[in-house]
Amino acid sequence: SKFSRLIRQILEYSTEEFITLKEELQVLSLYVQIEQLRFRDEFGFIIEVDESINEEELIVPPLIVQPFLENAIWHGLMQKQGEKKIELFVKDEGNSLKIILRDNGIGRDEASRSHTGKPKETRSMAIDLISQRIEMLEEKGGQEEKVTIIDLYDDSRAPTGTEVRLVIPKIKKRAK
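This write-up is about the structure you can find in this document.

About the thresholds
Residues numbered from 1 in each chain as written. Predicted model: local features only at pLDDT ≥ 70, side-chain atom pairs only at ≥ 80, totals over all residues. Heavy atoms only, no water. Helix = DSSP H or I, 4+ residues; strand = E, 2+ residues; numbered from the N terminus. Buried < 20%, exposed > 50% of the residue type's maximum accessible area, 1.4 Å probe, protein only. Contact = heavy atoms within 4.5 Å. Pairing = 2+ DSSP bridges. Axes fitted to C-alpha atoms, helices over the stretch in contact; angles between N-to-C directions. Core = buried A, V, L, I, M, F, W, Y, C linked by side-chain atoms within 4.5 Å. Polar contact = N/O pair within 3.5 Å; in protein donor to acceptor, adjacent residues only side chain to side chain. Expected span 1.5 Å × (residues − 1).

On to the overall build of the chain. If you tally the helices and strands in the chain, you get 5 helices and 8 strands. Mapped in sequence order, the helices and strands of the chain form the string α-β-α-β-β-α-β-β-α-α-β-β-β. The proportion of buried residues among the 176 residues of the chain is 40%. If you take every contact in the chain between residues at least 6 apart in sequence, the share linking residues at least 24 apart comes to 69%.

Given below as structure tokens:
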């Protein structure tokens, strides 16, 4: 039933230019629940939203975070041994929202290597499309990066995961 609900929501939201932040977070949560079932609850997931943010009042492009979440699960966590977790933070940055997705996976360098140990030559079309969608939202041609991917390391320079930061304009839902 979760899977059919997720499919219905994805189909419904794919025809929308915007959905509420609450709807976006709900569909992400549902997606993660399904992935947790598939992977036998091998990873944890938390969502933290600044208290000042009204999730029903703000709108975002649908499924803007999902490709990054999928990458974190499939490429960062599933090859990792031990504790696995993903954290999603939504922060109020004045005129914009900062969405931070952080995993404690194996890191992009290791994930990009094939089983032969050589780097794979792939480029994420989803990340390019999301960057373009964010750019279209931004009315001013600001210089700030809209999508930033950061490799995380411990003190000995061993990979400890990946952090994705999305900065999107804060847009309020219009009254009907």
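A word on the sheet that holds strand 5 (residues 96-103). What the 5 strands build is an open sheet, ordered 2-4-5-7-6; its pairing is mixed. With one partner strand each, in any of the chains shown, strand 2 (44-49) and strand 6 (147-153) form the two edges of the open sheet. For this sheet, the mean inter-axis angle between neighbouring strands, taken without regard to orientation, is 15 degrees. As paired strands, strand 2 and strand 4 (residues 85-92) are joined by 6 bridges and run parallel to one another. Paired with I47 across the two strands is L88, which belongs to strand 4. The strands touched by helix 2 (residues 21-38) within the sheet are strand 2, strand 4 and strand 5, with strand 2 carrying the most contacts at an inclination of about 170 degrees. Relative to the sheet, helix 3 (residues 66-77) contacts strand 2, strand 4, strand 5, strand 6 and strand 7 (159-169), its axis offset from that of strand 4 by approximately 150 degrees.

Glancing now at the nonpolar core. Judged by nonpolar contacts, the single largest core of 36 residues is most densely connected at L69, I73 and I86. Taken together, the elements giving at least two residues each to this core come down to helix 1 (2-14), helix 2, strand 3 (58-60), helix 3, strand 4, strand 5 and strand 7. For this core, the element with the highest residue contribution is helix 2, accounting for 8 residues. With near-sequence residues (within four places) excluded, I73 lies in contact with Y31, V32, E35, F39, F43, M78 and I86.

Moving on to the pairing of strand 4. Examined bridge by bridge, strand 4 and strand 5 share 7 bridges and lie antiparallel to one another. Along strand 5, the bridge assignment pairs K91 with K98. Counted along the chain from strand 4 to the antiparallel partner strand 5, the turn is 3 residues long, and its residue G94 has a positive phi close to 80 degrees.

Among the secondary structure elements, N104 is positioned in the loop between strand 5 and helix 4 (108-111). Since its relative accessible area comes to 12%, N104 is described here as buried. Here the side chain of N104 touches K85 through a polar contact of 2.8 Å, landing on its backbone nitrogen.

A word on helix 3. In an α-helix, one turn spans 3.6 residues; hence positions three or four apart end up facing the same way. Compared with an ideal rise of 1.5 Å per residue, which puts 12 residues at 16 Å, helix 3 spans 15 Å between its outermost C-alpha atoms and is within 8% of the ideal. Within helix 3, the full set of buried residues consists of Q66, P67, F68, L69, A72, I73, G76 and L77.

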